[in-house]
Amino acid sequence: MHNDIQEILHSEQEIRDKVKELGEILTRDFEGRNPLVICVLKGAFIFMADLVKEIRVPLEMDFMAVSSYGAATKSSGVVKINKDLDVSVEGREVLIVEDIIDSGLTLSYLIDVLERRNAKSVTVVTLFDKPSGRSVDLDADYTGFTLPHAFVVGYGLDYAEYYRNLPYIGILKPEVYSK
Ligand code: 5GP
Ligand code: MG
Ligand code: MG
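The rules behind each value
Residues numbered from 1 in each chain as written. Chains lettered and ligands numbered in written order. Predicted model: local features only at pLDDT ≥ 70, side-chain atom pairs only at ≥ 80, totals over all residues. Heavy atoms only, no water. Pairing = 2+ DSSP bridges. Helix = DSSP H or I, 4+ residues; strand = E, 2+ residues; numbered from the N terminus. Near = heavy atom within 4 Å. Polar contact = N/O pair within 3.5 Å; in protein donor to acceptor, adjacent residues only side chain to side chain. Areas by Shrake-Rupley, 256 points an atom, 1.4 Å probe, with all protein chains shown as cover. Donors = N, O, S within 2.8 Å, 3.2 Å for Na, K, Ca; no water. Buried < 20%, exposed > 50% of the residue type's maximum accessible area, 1.4 Å probe, protein only. Core = buried A, V, L, I, M, F, W, Y, C linked by side-chain atoms within 4.5 Å. Contact = heavy atoms within 4.5 Å. Phe/Tyr/Trp six-rings, centres within 6.5 Å; stacked < 30°, edge-to-face > 60°. Lys NZ or Arg CZ within 6 Å of the ring centre and 35° of its normal.

Draft legend 1. Up close: the sheet that holds strand 1 (residues 5-10). Spatially, three strands are ordered 1-9-8 in an open sheet, and the strand pairing comes out antiparallel. Only two strands of the sheet have a single neighbouring strand rather than two, namely strand 1 and strand 8 (152-153). Bridge analysis of strand 8 against strand 9 (residues 169-172) gives two bridges, and the strand direction is antiparallel. Bridging across to strand 9, V152 finds its partner in I171.

This is the structure in structure tokens:
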């Protein structure tokens, strides 16, 4: 275990099993629907890569980068699009792939943007959820793991751009970000 990690919440193997399970459910639910799968960069890139291999329907992928935290550990509520989609979502069945939902502000902003661009449907899958952090009434359609109220890193999630490459999800020692 990395020295800056206080506790591992879900191991590499547990995440692998969960992603496979989510992929099977999405395969069933998106049968015959040709979705546009949108990865919310950067945090969701590892989840996206592992998940799409388990979704056995014809699909397209695109990538969008948004930021709401800067280098802080709490959402500012201000969401900025740093990289927009390359393709139009008009009339498309969109599947948003998120890493984690905390306040819900990022997701509610994204859903709003995609609906205003006339997506036919917007479905959300998130690997992690911290329902205790919610400031808007919003939930994903599909959730991997529910986490306690803590700042977590690994499996794509960062603190100040580090720790994304850890293969598990764990709680960062508070002394790492309070110094
Ligand atoms: P929200 O807008 O729901 O508060 O936060 C959404 C985004 O903030 C997530 O997609 C993620 O990028 C980041 N975030 C929220 N909670 C955590 C966390 O515990 N750890 C890390 N590394 N990022 C988080
Ligand atoms: Mg995210
Ligand atoms: Mg981040």
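Draft legend 2. Summary view of the site of ligand 1. As a matter of local geometry, ligand 1 sits amid 17 residues, with D99, S103, T106, K130 and V152 nearest to it. One nitrogen or oxygen atom from the side chain of T106 is found 2.6 Å from an oxygen atom belonging to ligand 1. Between ligand 1 and V152, the relevant distance is 2.7 Å, taken from a nitrogen atom to a main-chain nitrogen or oxygen of the residue. Contact with the protein chains removes 91% of the 500 Å² of surface that ligand 1 exposes when unbound. Mapped onto the shell around ligand 1, the elements with two or more residues apiece are strand 5 (93-101) and helix 3 (105-116). Counting residues per element, the shell around ligand 1 draws most heavily on strand 5, which supplies four residues.

Draft legend 3. A look at the coordination of the magnesium ion (ligand 2). Each protein donor to the magnesium ion (ligand 2) is listed here as E98 (OE) and D99 (OD); together their distances run 2.3 Å. Assigned by exposure class, E98 and D99 land together as buried.

Draft legend 4. Fine view of the nonpolar core. F47, L51, V125, L127 and F128 are the most contacted members of the largest nonpolar core, which totals 31 residues. Secondary-structure elements contributing two or more residues to this core are helix 1 (12-29), strand 2 (36-41), helix 2 (45-52), strand 5, strand 6 (121-129), strand 7 (142-146) and strand 9. A per-element tally of this core places helix 2 first, with five residues. If near-sequence neighbours (up to four positions away) are discounted, V125 is found in contact with L22, L26, F47, L51, L95, I96, V97, E98 and Y142. Membership of the second largest hydrophobic core comes to 20 residues, among which are V89, L107, L138 and A140.

Draft legend 5. Up close: the packing of aromatic side chains. Under the defined criterion, the tally for this structure stands at four aromatic pairs. The interplanar angle of 85 degrees and the centroid separation of 6.1 Å between the aromatic rings of F151 and Y159 together place this pair among those described as edge-to-face. The exposure class of F151 is buried, given its relative accessible area of 12%. Arranged with centres 6.0 Å apart and planes meeting at 55 degrees, the rings of Y159 and Y177 form a pair that is tilted. Highlighted residues: Y159 in the loop between strand 8 and strand 9 and Y177 in helix 4 (residues 174-178), separated in sequence by 18 residues. In this structure Y159 comes out as buried when scored by relative accessible area, which is 17%. Here the aromatic residues F151, Y159 and Y177 are joined through ring pairs into a cluster of three or more. The residue whose ring lies beneath K18 is F145, and the NZ or CZ to ring-centre distance is 5.1 Å. When the ring centre of F30 is taken as reference, the NZ or CZ atom of R33 above it lies at 4.2 Å.

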